[in-house]
Amino acid sequence: MKRISYLIILSFIMLSAFSLKVAAQEEETEETGDIVLKAVPQNKNALFKDYEEVKYKLQIRNNTNEFQKGTISYLITTDEGKKIALSSFPLSIKGKADKELIIKVPPRSTGFYRINFMVNLPDYDDTVRRVFGVNPEQITSQLYKPADFDAFWKQSREQLAKVVPSYRVLERKDLSTDEKKVYAVEMHSYGNLVIRGWLVIPRDGKNFPVHYRVPGYVVTLKPNMDNDDFIAFDLNVRGNGNSQDIINIGTDNYSVVNIENKDKYIYRGVYMDCLRGLDFLYSHPNLGIDTSKIFVEGGSQGGSLALITAALDKRVKLLTIQVPLYADIHDNYSISESYERQVFPFKVFRKYQSQHAGFTWDKFYSTWDYYDPQNFAQMVKCPVLMGIGLLDQFCPPRCSMALYNHISSTNKEFVCVPNSTHEVNFNYFMFQNLWLREKFRIP
Amino acid sequence: MKKIITFFLFTCLFFVLMPPLKTFAGFPIGKYRNVIVPTFSYYHQKDRFDDKDNVIKGAPGTGFTSYSANLYIGYGISRRLDFIAIIPYLYQQNVIAPGNTLIDAGLGDMTVGLSYNLVNFNYIRFLSIGVSGIVPLYKSSNGISPLGLGNYGTEVKLMYCGNLPKDVASKGYFNAEFAYRKYYDSQGPDQISFTGTVGYPITKHNQLSLDILLFRSFSSNKTFNSNIFAAHDYSFFKPQLNFGHTFTRKFSMFVGGFYVPFGVNTGVGYGSSVLAVIKL
């Protein structure tokens, strides 16, 4: 009895310990190199209060056999690239050895800060770039909302309403499985353009909440076969995926189509496409769509499209966005000025501006102020979950948080992923899943 | 833009990783969500183990049988904190000699407490602690075959559960619990137990799970009691094999059978259970 009992207990302890070890490994990605520098913020999400010291634990690993002597330093700059702190320490580390240092930075005021950790050794130089935030929920931004903003979008919606949707729903048996039916969906949208999407309906049940996904920048959405508890509706807005009949433009030019005319700018139709997708869902309850439980989701451009959909149409019950593109476009421009190399989206805008004489930034804003997601944020009333990556240059965290802070819904949360660039991580999506189930009371 | 696509690959994963559960064990129930698990169990013993782990044949015509109905109620107070209550109803037949049967029925020891998720490991594995009070819902003096020890008690439980590591199995889940229970009486008992569960889905709607229970009850009262609910000093090992079927997202059922192959100062028990998991 005793021996067998001990054996079984031991097996379970080993299994538990093994899974703990796996969990720990999953959190870390192993870096290799002669010298490995790892910077770990004291607060896991790298967000601090304005009264607390900003602390990082630096772990230095010397993988060589040689004794190394040099310096380790850190440089803190603002989002605009203004230098605010620089400090340096001597570093000596034996071969095949580890060293840990605690870096303490005096409390900072509200905002996001870039912190670069540099190792300088005779045969090795490296920089680890990180970003930390202070009181992100207190970040404010100026709204450049045109006086006729609401009228502009009211008129846009009225024009959309005049377009007969002429929905077509075609079952794609070639794509369907034993567990899910796939439908190709087609409809007419703003300007009478045809847009298409994919509807995937689980066979195992009768009435489902809906995961309505809108696309990233010129991203092709395909049938989402992975939701067992949701109907998945993936809409390719004009110029994306299988909605490229009329507009078929690459990533270099998509965001500048008719940018000099606010009435004809491509995003006017794109935003309306997202609402037309919602019209489609509401007009097809016969497909098992639970219209009382529709959540809209998107990442990057899709994050902004999702937010604007929820802002303009109260039929959206939940909103989840990740790294919302174009948020606080004025500030995004300012921040992008500090980049050594331009990145999207201002890489595209700057290129256009350089090639079009007379297209000033004032002209740019006279269009974009109608489209800045930040100007829609106050209209969002439903629960919101947002994810951001602190190393994101496409959607700087300051811009995302400014947008978030303008959202008028009081039922909102954000998740900060410190070491991510223009993406969030697996952990975020696991949380999002729980969050959705909690809000929709899904068992 | 490629990275954007990775968003959506992640979304593919999160719906698949939710493990099917027999009971919620260390898994947080979730804010605002309710779980009700009615269980019907049958237990019978005829022979017994002595204090040296030897099987002693029971006298012909004697034995102890229990039919029990448990009601488990779980409510998610917050994302980490759950309220748990278990209310048992027992019907017992203790045949101490041919023609001499002690029968009693009624509510047993209620367990009421809270479970708190200490750490979640990427929302895949969870480490939780549970603290409960044991409240006898009967009067020990009026039972001819006692429905419990008749004392108040406290239980502290550490639970670790989640998906099986990918290196072990591509799907499935586990739960491990260590519990300490103390009854407030001069004879105690103090009890420690280890429960381990491994579940594996065999199809989308069906799963098999194996529970093992190692139980040790310490007391100065070493007397053998054929009534397992009123015994004081004993130990046993009980494996149980279960089959579960998920009918809908809100309703699942499990049937299982168990046997006590090893024990000390307790019965050679066997039995079965049927339970339903109702998520509200």
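1. Describing the overall build of chain B
Phase 1 of the analysis: Secondary structure summary: chain B contains one helix and 15 strands in total.
Phase 2 of the analysis: Put simply, chain B has 280 residues, and 40% of those count as buried.

2. Quick look at the overall build of chain A
Phase 1 of the analysis: The helix and strand tally for chain A stands at nine helices and 17 strands.
Phase 2 of the analysis: Counting over 443 residues, chain A shows a buried share of 43%.
Phase 3 of the analysis: Put simply, of all contacts in chain A between residues at least 6 apart along the chain, 68% involve residues at least 24 apart.

3. Overview of the sheet that holds strand E14 (residues 289-299) of chain A
All names here are of chain A.
Phase 1 of the analysis: With mixed pairing, the nine strands of this open sheet are ordered in space as E9-E10-E11-E13-E12-E14-E15-E16-E17. Every interior strand has two partners, whereas the edge strands, strand E9 (168-171) and strand E17 (412-417), have only one. Between one strand axis and the next, the sheet turns through 20° on average, direction left out of account.
Phase 2 of the analysis: Pairing of strand E16 (residues 384-389) with E17 involves six bridges; the strand directions are parallel. Within E17, the residue paired with leucine 385 across the bridge is glutamate 413.
Phase 3 of the analysis: Packed on one face of the sheet, helix H8 (residues 397-406) meets E16 and E17 and runs near 170° to E16.

4. Focus on the domain arrangement of chain A
Phase 1 of the analysis: With domains assigned, chain A is organised as domain 1 (35-138) and domain 2 (149-316 + 332-371).
Phase 2 of the analysis: Here the C-alpha centroids of domain 1 of chain A and domain 2 of chain A sit 40 Å apart.

5. Quick look at the environment of Ser292(A)
All names here are of chain A.
Phase 1 of the analysis: With respect to the element layout, serine 292 can be found in strand E14.
Phase 2 of the analysis: The exposure class of serine 292 is exposed, given the 12 C-beta atoms found within 10 Å.
Phase 3 of the analysis: Each C-alpha atom of the pair serine 292 and valine 210 lies 9.1 Å from the other, and the pair is 82 residues apart in sequence.

6. Quick notes on the sheet that holds strand E8 (residues 124-134) of chain A
Phase 1 of the analysis: Strands sit in the order E2-E8-E7-E4-E5 (chain A) across an open sheet of five strands; the sheet is mixed. Looking along the sheet, the strands with just one partner apiece sit at the ends: strand E2 (47-48) and strand E5 (83-93) of chain A.

7. Some points on the packing of helix H2 (residues 149-161) of chain A against helix H3 (residues 266-282) of chain A
Residues and elements named next belong to chain A.
Phase 1 of the analysis: Between H2 and H3, the shortest axis-to-axis distance is 10 Å and the interhelical angle comes to 60°. On the basis of their axis angle, the class for H2 and H3 is oblique. In the packing of H2 onto H3, the handedness of the crossing is right-handed. Together, Ser156, Arg157 and Leu160 of H2 and Arg268, Met272, Leu275 and Arg276 of H3 make up the contact between the two elements.
Phase 2 of the analysis: In the contact of H2 with H3, the residues fall into three nonpolar, one polar and three charged.

8. A closer look at the environment of Thr266(B)
All names here are of chain B.
Phase 1 of the analysis: Among the secondary structure elements, threonine 266 is positioned in the loop between strand E14 (262-264) and strand E15 (267-279).
Phase 2 of the analysis: By the C-beta count within 10 Å, which is 25 here, threonine 266 ends up buried.
Phase 3 of the analysis: When the C-alpha positions of threonine 266 and isoleucine 129 are compared, they lie 29 Å apart, and in sequence the two are 137 residues distant.
Phase 4 of the analysis: Residue contacts for threonine 266: discarding those within four places in its chain leaves Arg48, Phe49, Ile228, Ala231, Tyr234 and Phe236.

9. Considerations on the nonpolar core
Residue and element names in this part refer to chain A.
Phase 1 of the analysis: If you look at the biggest cluster of nonpolar residues, it comprises 119 residues, and the most contacted ones within it are Val210, Ile231, Leu307, Ala310, Leu319 and Val380.
Phase 2 of the analysis: The element that contributes the greatest number of residues to this core is H3, accounting for 10 residues.
Phase 3 of the analysis: Counting contributing residues, this core receives three or more from each of domain 1 (35-138) and domain 2 (149-316 + 332-371).

10. Side note on the confidence of the model for chain B
Note that predicted coordinates carrying low pLDDT should not be read in detail.
All names here are of chain B.
Phase 1 of the analysis: Here chain B shows a mean pLDDT of 86. Residues at 70 or above account for 89%.
Phase 2 of the analysis: Under a pLDDT of 50 for its full length, residues 1-22 has, in the predicted model, 47 contacts with residues more than four places off or in other chains.
Phase 3 of the analysis: Both confidence scores are given for the complex: pTM 0.87, ipTM 0.81.

How each quantity is defined
Residues numbered from 1 in each chain as written. Chains lettered and ligands numbered in written order. Predicted model: local features only at pLDDT ≥ 70, side-chain atom pairs only at ≥ 80, totals over all residues. Helix = DSSP H or I, 4+ residues; strand = E, 2+ residues; numbered from the N terminus. Buried ≥ 20, exposed ≤ 12 C-beta atoms within 10 Å, placed from the backbone. Contact = placed C-beta atoms within 7 Å. Pairing = 2+ DSSP bridges. Axes fitted to C-alpha atoms, helices over the stretch in contact; angles between N-to-C directions. Domains from an automatic or database assignment. Parallel < 35°, antiparallel > 145°, perpendicular 65-115°, else oblique. Left-handed = near helix turned anticlockwise from the far one by under 90°. Nonpolar A, V, L, I, M, F, W, Y, C, P; charged D, E, K, R; others polar. Core = buried A, V, L, I, M, F, W, Y, C linked by C-beta atoms within 7 Å. pLDDT = per-residue confidence, 0-100.

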